[in-house]
Amino acid sequence: MLKLRDLHVYYGGIHALKGISMDVPEGAIITLIGANGAGKSTTLRAITGLVKARRGSIELKGKNITGRPSHYIVRSGVAMVPEGRKIFRNLTVRENLMMGAYPRQDNAGIQQDLEWVTTLFPRLKERFSQKGGTLSGGEQQMLAVGRALMSRPRLLCLDEPSLGLAPVLMHEVFRALTRIHEEGCTILLIEQNAKAALKLADYAYVLETGSITMEGPGPELLQNEAVRKAYLGE
Amino acid sequence: MTLETLIQQLMNGISLGSLYALIAIGYTMVYGILRLINFAHSDIFMVGAYFAFFFVAVFHLPWAVSAILAVVLTAAVGMIVDRAAYRPVRNAPRISALITAVGVSFFLENLGLVTVGARPKAFQRPDVMSKVVPIGPAAVSGVSIWVPILSLALLALLLFIVHRTKVGMAMRSVSTDIETTRLMGVDVDRVISYTFAIGSALAAAGGIMWACKYPQINPLMGIYPGWKAFTAAVVGGIGNITGAMIGGFLIGLVEIMTVAVLPGLSGYRDGIIFTLLLVFLLIRPTGILGEPLKEKV
Ligand SMILES: Nc1ncnc2c1ncn2[C@@H]1O[C@H](COP(=O)(O)OP(=O)(O)OP(=O)(O)O)[C@@H](O)[C@H]1O
Ligand SMILES: [Mg+2]
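Residues numbered from 1 in each chain as written. Chains lettered and ligands numbered in written order. Predicted model: local features only at pLDDT ≥ 70, side-chain atom pairs only at ≥ 80, totals over all residues. Heavy atoms only, no water.

Once that is clear, we can look at the overall build of chain B. A tally of regular secondary structure across chain B gives twelve helices and four strands. Against the compact-globule benchmark of 19 Å for 297 residues, chain B has a radius of gyration of 19 Å, which places it among compact chains. With the principal axes as the frame, chain B shows a C-alpha extent of 60 × 50 × 35 Å. In chain B, which comprises 297 residues, the share counted as buried stands at 49%. Of all intrachain contacts in chain B linking residues separated by at least 6 positions in sequence, the fraction that spans at least 24 positions is 75%. Accessible area of chain B: about 13,500 Å², with a carbon and sulfur share of 70%. Computed over 20 positive and 13 negative side-chain charges, the inter-centroid distance for chain B is 3 Å. (Helix = DSSP H or I, 4+ residues; strand = E, 2+ residues; numbered from the N terminus. Rg over C-alpha atoms; globule rule 2.2 N^0.38 Å. Buried < 20%, exposed > 50% of the residue type's maximum accessible area, 1.4 Å probe, protein only. Contact = heavy atoms within 4.5 Å. Areas by Shrake-Rupley, 256 points an atom, 1.4 Å probe, with all protein chains shown as cover. Lys, Arg positive; Asp, Glu negative; His and termini not counted. Charge placed at Lys NZ, Arg CZ, Asp CG, Glu CD.)

Put into structure tokens, the structure is as follows:
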């Protein structure tokens, strides 16, 4: 589905990604863990075209998408739940969801998915005509996930989707992820809660100051001594 | 003041105000999206009037056809200005874009001076605009009636586009968060381009109606109405479309009424408006409908 090869990203003089290579196979759940400032968000931003890679390549479904504009990449089947939710606060909840479906033309399918998202997050339905900015933090997070789902992505990138969520809601988000994964969506997940992420993931990458230092199947990393120390607080 | 003159002056103020409102939309929409004061907008207004002038006077096209063609062509000019001048500096510091806008403004004005000359041209307005219509005891000129009606229709159409269509939704989302709008698969450059088209079309409609009201056109005719409309956008709360409309009507009415009540000061009418702007901004810096400034922590 997605291949990163030797990806380098700079913010001005800051070398944020120092040659990252990753594979996200079709149908897999891949997770990216690492300390604050390791470059996790930057990796997702590079994949979705929000920052340009200075060197290296990104391949989506066999097509080279390096340097392509975001709207092109998103229209090729990638959706992202960005860090910090980024709800459109002046748009209603319904409009936020419709923004997620912006490139789509199939009105019947969009209505169907609107139903689907609101069964995943019933709370959104009650607040359909409320402005996005008036939602609580947790509700905004659900809206951000729902909005990403509205594009019917083939690859869903999530940047800390459970941040600030009460444990019950976090479970709801994870349940939703498992469900859309079962429906065939590939998932690339960044998660504060490394344990939950590693449990869920088929394969995981550990990022440290812009480089991948470790990788392996989720359960395997979960057992790894160094990982347990650094990221599971044990 | 007699009832007769009051009605006349009110209609006069409303029609002037509706023109300010039409022009103010372009300032406020572009500012809302790009945080750019498009100084060239007042010249786009002038371009619209000249297009209509040429279609009517030179090509002898029917009035309605000329007006529509002029609006469409001016919308295209607005898109070209964005594409050629503003898009290349989109990621540059904001001051570069601002200076570019001043440059485009001078360019259009001087292009006008070179191509059509500085001598004002007499604008042939359609008969309905000059016909006098009785309202109660007052005789009001057709301009003062048709201009507000047409303007309100255009403003209603604009509100429909912005609040009820997909591209309008994208315009509103771009104005809160460009980057996240990109993540929705929206080609933001295209949405910005449409925004310039809409703003320029309204300015052209304003320019044509302005020329019907004051039937002398020249390449610098946009400057004063432009400043007033910009003032209207600021007073309404820049970035807010409804605010720009309210601001436009308010400025138009205040301007006409000041002169009507204090005819001795008519020479100072522009000065009075801009002084009012300054005072208003001291009291309410974000305008009538602007969001209160958030303290940066
Ligand atoms: N817009 C920016 N300008 C300059 N430096 C940036 C910018 N965004 C990120 N960085 C730097 O790039 C590095 C990687 O940041 P990134 O946001 O990818 O980290 P992260 O792994 O997502 O961290 P966190 O867990 O805190 O979200 C950091 O050192 C950060 O300071
Ligand atoms: Mg991050």
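So, about the site of ligand 1. Residues and elements named next belong to chain A. By nearness alone, 13 residues border ligand 1, and Gly37, Lys40, Ser41, Thr42 and Glu83 come closest of all. Contacts to ligand 1 include asparagine 36, whose side-chain N or O atom sits 3.0 Å from an oxygen atom. Between ligand 1 and serine 41, the relevant distance is 2.7 Å, taken from an oxygen atom to a side-chain nitrogen or oxygen of the residue. Out of a free accessible area of 630 Å², ligand 1 has 62% covered by protein chains. It is helix H1 (residues 40–47) that provides the largest number of residues to the shell around ligand 1, a total of three residues. (Near = heavy atom within 4 Å. Polar contact = N/O pair within 3.5 Å; in protein donor to acceptor, adjacent residues only side chain to side chain.)

Our next topic: the pairing of strand S2 (residues 14–24) of chain A. Sheet analysis places strand S1 (residues 2–11) of chain A next to S2(A), joined by eight bridges and oriented antiparallel. Within S2(A), the position partnered with A:His8 by the bridge is A:Lys18. (Pairing = 2+ DSSP bridges.)

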